[in-house]
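# Coordinates in review
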Amino acid sequence: MKCEKVMKKFRTGGCLGGLAALIGVLLLLVFAVISVGGAFYVWGVSKTLPTAEEMVNHRPSLATVVYDRNGKVLTNLYYENRQWVRLDRVSPIMVKAVLAAEDADFYGHRGIDPVSILRAFIKDLTHQATRQGGSTITQQLARNLFLTKERTLSRKVKEAILALRMEKTFTKDQILEMYLNTIYFGHGTYGIGAASQAYFGKSPGHLNLSEASILAGLIAAPEYYTPIRHLDRAKTRQAYVLGQMVAKGWIGREEAQKALDAKLPLKSVRRSSVTFSDAPYFVSYILFSQLLPKYGSDSVYRGGMRIYTTLDADLQKDAEEAIRKLPSEGAILALDPETGEILAMVGGKDFEKSKFNRAIQAFRQPGSAFKPFVYAAALEAGYRPVDHLMDSPLEFPNGWKPENYDLKSHGEVSLIEALTYSYNIPAVKLAHLTGLEKIVQMARNLGITTPHLPNDLSLALGSASLTPMEMAIAYSCIENGGKRVVPYGVREVRDNSDTVLEKNGPMLSDGLSPKVAVMIRSMLQEVVRSGTGRGAAISGFETFGKTGTTNDWSDAWFCGGIPGLVVIVYAGNDDHRPLGDRMTGGRVASPVWKAFVSKAASRLKLAKQFSVPAGAGVEIARVCRRTGFLAASGCPAVSILLSAGDAPEAVCPLHGGSVAAARADSRAPRLLLSPMDEGVPAAPGISAAAAPQTDRPEEGTTVSPAPTPVLKVPTPQPPKPPSPAVKPYRKDPSAPNDVEKRYQELLKQYGLTN
Ligand SMILES: [Zn+2]
C-alpha cells in the first residue's frame, strides 16, 4: 500500500518531479562514493603517518659527535645549528610576535584551519598552484617534523591529519616549544636559540620587541626577509608583525613605533651550515672517504651517531702548530706503526683557504727518502750493510749524470756510510746491482701504491711521485719489524641508541722480512745519529729516519720515527716552486719533525728503545762505518744489526787492526762492482787519504791499507738511465685547485651546502 502510494505520488508529481528525485538520488550516490572513497583515502594516508607514540618518540635531528682516541670531543656534525630552548626561557614578547606573525588564534583552534584547507582543495581542483601560508603553527610543525616540503594536495591532507593527531598528543605549550625550536630562521639557523644567537648574539630570553618582531617576520620567508642582506624588506615585514600585535591589543601603538624605529644591533651570521672547526683535514677525510658513502648524510648529519676515531687531539694540536713553521705548504702525518691508527693528520696550513689534503692527495717526489727501499731490496738480495760500493763519477751515454749533494766522489764506501750521508751515485749502482724490478717489488710490499714508479735508475734517487700517507705506511713497516699496516681513522661507529654499527682494528700483512726490517731500521738510526738526519734526533729515544730533497729544492721531507710512532713531514709549494736554494729536507722538514715528535714523545708513553722481533735472525755488531770491519778504538764506530753470522771477524785495518787478519777474514766486507764500474780507474780498498790524518797507518806505503775482496756482480740487464727526453724528476700533474672544486661538488652531492 505504502509503496503504491509513493508510486502514485511520483506519477502525480509529473515528469519534472521524477527527474529531480532521480538526480537527487544520483547525487546522493555520488556523494556517498566520494565520502567513502575520501574516507578510505584519508584512512590509507593516515596509516602511513607516524602514530601518537612515534610522535612522542620522535627526536628532531641530532648532532653526530666525533671523539678522539681518549674520548675528547673533536667536533660535532650537524646540518642545523640547533640548541633546544624551553618555552619559559623564551622572552614572552618573542612568543607573542611569532603568534601574531604566523597564527594569532593558535591557543583557540584545534590544530587546523578548515578554511585554508578548503581553499587549498579548491585551488588543487582548479589546477592552481597550491600556495603555502594560512597553515596553523601545528600544521607547520607537522610539516617540518614529519613531511617533505612538496606542495601537493596529498601533503596538505597528511599535514592536517598529523596536526589533529598532534593536538591530541601534546599540549599547546609543548607544540609551541617544539615549533620554536625547529623552525628555520635563515642563514643555516634552526630554532629560536640558534637564531637569536646568530642574529643578535643573545639568548632568546633577552630579546626585545624590536628584535622579536624581526625574527618572527623571518619565518614566512627567511632568505627573502633576511635583515643581513635585505634590511628594507625586513623592516617592511617587521612593520606588518608589529601591526598585527597592535591589532590584537597585545602591544600599544607607541610601543610598536618605538620598536620599529630602534636600530638593530645585527651580528653577521655565518652562512655555511657545515664547518670543520677541529682537525678539519682529518674530519673531512673520514667523512668523505668512509662515513658519508657508508651511512649517508642524513644519518651522519641528523642521526646523532657517535664516531670514535684514532686521532689524538693533543698530538693533532701539536701538529697543527708545528706545520705553521714550514716555509711553504706541507703535511704532517703521524701513525701508530704497530696498528696503522692515524694519530695526527694535517693536510695543509689552513683548511679554510685550501681543502687540498697534502697528507693523502699530494703526489710528490720523495728524493732520498726513497733510498731505504733500495737498500732494503739490496739486503733482501743478500748484500750486507758492511759491503762496499764505488762512489766514483758516473755519466751515462745518454747524458744522464747523477751527482752527490756535495758534488764530490768519496771513493770506496760502505753501504752504511753511503746511506748515512745519502750519497747518490752508490745508490744508483746498488739499484742496478739489485735490479729495478726487485726494488719496485720491495716498494709495493712496503705499501707504496702510486701509479708513478719510473722503471729506470732515477727510481733509486726518489723520482717516483707518492703521497705522505704511502711513505708513512712504508716507514711503519720498517719500524715494526716488517708488518704492512692499513692506516685507519675510525675505530668505532655507534648509532644514537648506542648500537655498534662498525668496529675497526689493525689489519696487518707481511711487508718485508723482520730481519731486513730491523737491519734497515738500524742503518736509519745511524742516519739520525751521525748523518743527514742529525737534526731530527729525539733525546732519550732511539730515532730512525731519512731526509728527502728533490733536485730543484721543490720538495723537502723527513720520514722516520721513534719506538711506537712514525711521522712524515712533507714541505713543498703546490705549484712546485722551489723552496729556495739548498733548502733540503734536513733544513726545512727535520726541525719541524723534531719539534713535533719531541712533544709527542713526552705526551705518549712510549718505549725508549726499538724492539727486535724474536726469531728475526740478527746479531748486533759494532763495526767501523768506513770499512765495515769490527770497530777499533779509533774507528767511527756504529752499532748495527746484521744477519746472524754475517759480521766480519777481523778488526778494522784502517784504524789499527791487522791487515793480515783482514785479508784472512772470510766474512770481510766485499766491494760490489757493477758493470758501470768498468773503465773506472780500479782502486779497490779504502784509500788512506780518505782517512783522518792521525789514523793513517804505515806512512809511505803504497799498499792499500784496507783491502776488500772484489765481488763483480753480473747483472742480467744493462744499466737503464732515465731518458733525457723525460725529466728524471717528473712533476705530478695533480692540481690542488681541482680539489677545491671537487670538495664543493661533494658537499652538494651529500646535501651539505645550503
Ligand atoms: Zn775503522
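Sequence order as written defines the numbering, with residues in each chain counted from 1. Thresholds applied to this predicted model are a pLDDT of at least 70 for local features of residues and 80 or more for the giving and counting of side-chain atom pairs; totals over whole chains, interfaces and linings are not thresholded and use all residues.

### Let's talk about the packing of helix α9 (residues 209-218) against helix α10 (residues 231-247)
The test is simple: Helix axes are fitted only over the stretch in contact, all axes being lines through C-alpha atoms; the angle between N-to-C directions runs from 0 to 180 degrees. Note on conventions: DSSP H or I runs of at least 4 residues are helices, E runs of at least 2 residues are strands, and numbering of each starts at the N terminus. Angle categories: roughly parallel below 35 degrees, roughly antiparallel above 145, roughly perpendicular from 65 to 115, and oblique for all the rest. We call two residues in contact when their backbone-placed C-beta atoms lie within 7 Å. Here the term charged refers only to Asp, Glu, Lys and Arg, the term nonpolar to Ala, Val, Leu, Ile, Met, Phe, Trp, Tyr, Cys and Pro, and the term polar to all other amino acids, Gly among them.
Orientation of α9 relative to α10, taken along the N-to-C sense of each, is 105°, at an axis distance of 8 Å. Taken together, the axis directions place α9 and α10 in an arrangement best described as roughly perpendicular. Contacts between α9 and α10 involve Ser213, Ile214, Ala216 and Gly217 from the former and Ala234, Arg237, Gln238, Tyr240, Val241 and Leu242 from the latter. Broken down by class, the residue content of the contact of α9 with α10 amounts to six nonpolar, three polar and one charged.

### Comments concerning the environment of alanine 464
With respect to the element layout, alanine 464 can be found in the loop between α18 (436-445) and α19 (468-479). Taking C-alpha positions, alanine 464 is 7.1 Å from proline 366, a pair spaced 98 residues apart along the chain.

### Let's talk about the sheet that holds strand β1 (residues 64-67)
Our working rule: We treat two strands as partners when DSSP finds at least two bridges between them.
The five strands lie next to each other as β2-β1-β3-β9-β10, forming an open sheet whose pairing is mixed. Edge positions in the sheet fall to β2 (73-77) and β10 (500-503), since each has one partner strand and no second. Within this sheet the neighbouring strands show an average axis-to-axis angle of 15°, counted without direction. Relative to strand β9 (residues 490-494), strand β3 (residues 306-309) runs antiparallel, the two sharing four bridges. Bridge pairing in β9 places arginine 306 opposite arginine 494.

### Digging into the environment of arginine 667
We count it as follows: With C-beta atoms placed from the backbone, the exposure class of a residue follows from how many other C-beta atoms lie within 10 Å of its own: 20 or more, buried; 12 or fewer, exposed; in between, partly exposed.
Among the structural elements, arginine 667 can be located in the loop between α22 (659-664) and β17 (671-673). Here arginine 667 falls in the partly exposed class, since 16 other C-beta atoms lie within 10 Å of it. Put simply, arginine 667 and glycine 645 are 22 residues apart on the chain and 8.7 Å apart in space, counted from C-alpha to C-alpha. Those residues in contact with arginine 667 that sit more than four places away from it in its chain are Asp646, Ala647, Pro648 and Glu649.

### Section: the nonpolar core
The test is simple: In these notes, a nonpolar core means any group of buried Ala, Val, Leu, Ile, Met, Phe, Trp, Tyr and Cys residues linked to one another through C-beta atoms within 7 Å.
Core analysis: the biggest nonpolar cluster contains 147 residues, and Ile332, Leu333, Ala334, Val567 and Val569 have the highest contact counts within it. Not counting residues within four places of it along the chain, the set of residues in contact with valine 567 comprises Ile332, Leu333, Ala334, Gly561, Trp593, Phe596 and Val597. Ala198, Leu207, Leu215 and Ile219 belong to the second largest nonpolar core, which has 47 residues in total.

### Structural notes on the sheet that holds strand β12 (residues 544-549)
Adjacent strands of a sheet pair through backbone hydrogen bonds, lying either parallel or antiparallel. The strand order across the open sheet formed by five strands is β5-β4-β14-β13-β12, and the pairing between neighbours is antiparallel. Either end of the sheet is taken by a strand with one partner, and the two such strands are β5 (342-346) and β12. Strand-to-strand twist in this sheet, taken as the mean axis angle between neighbours without regard to direction, amounts to 5°. By the bridge criterion, four bridges tie strand β4 (residues 330-335) to β5 in an arrangement that is antiparallel.

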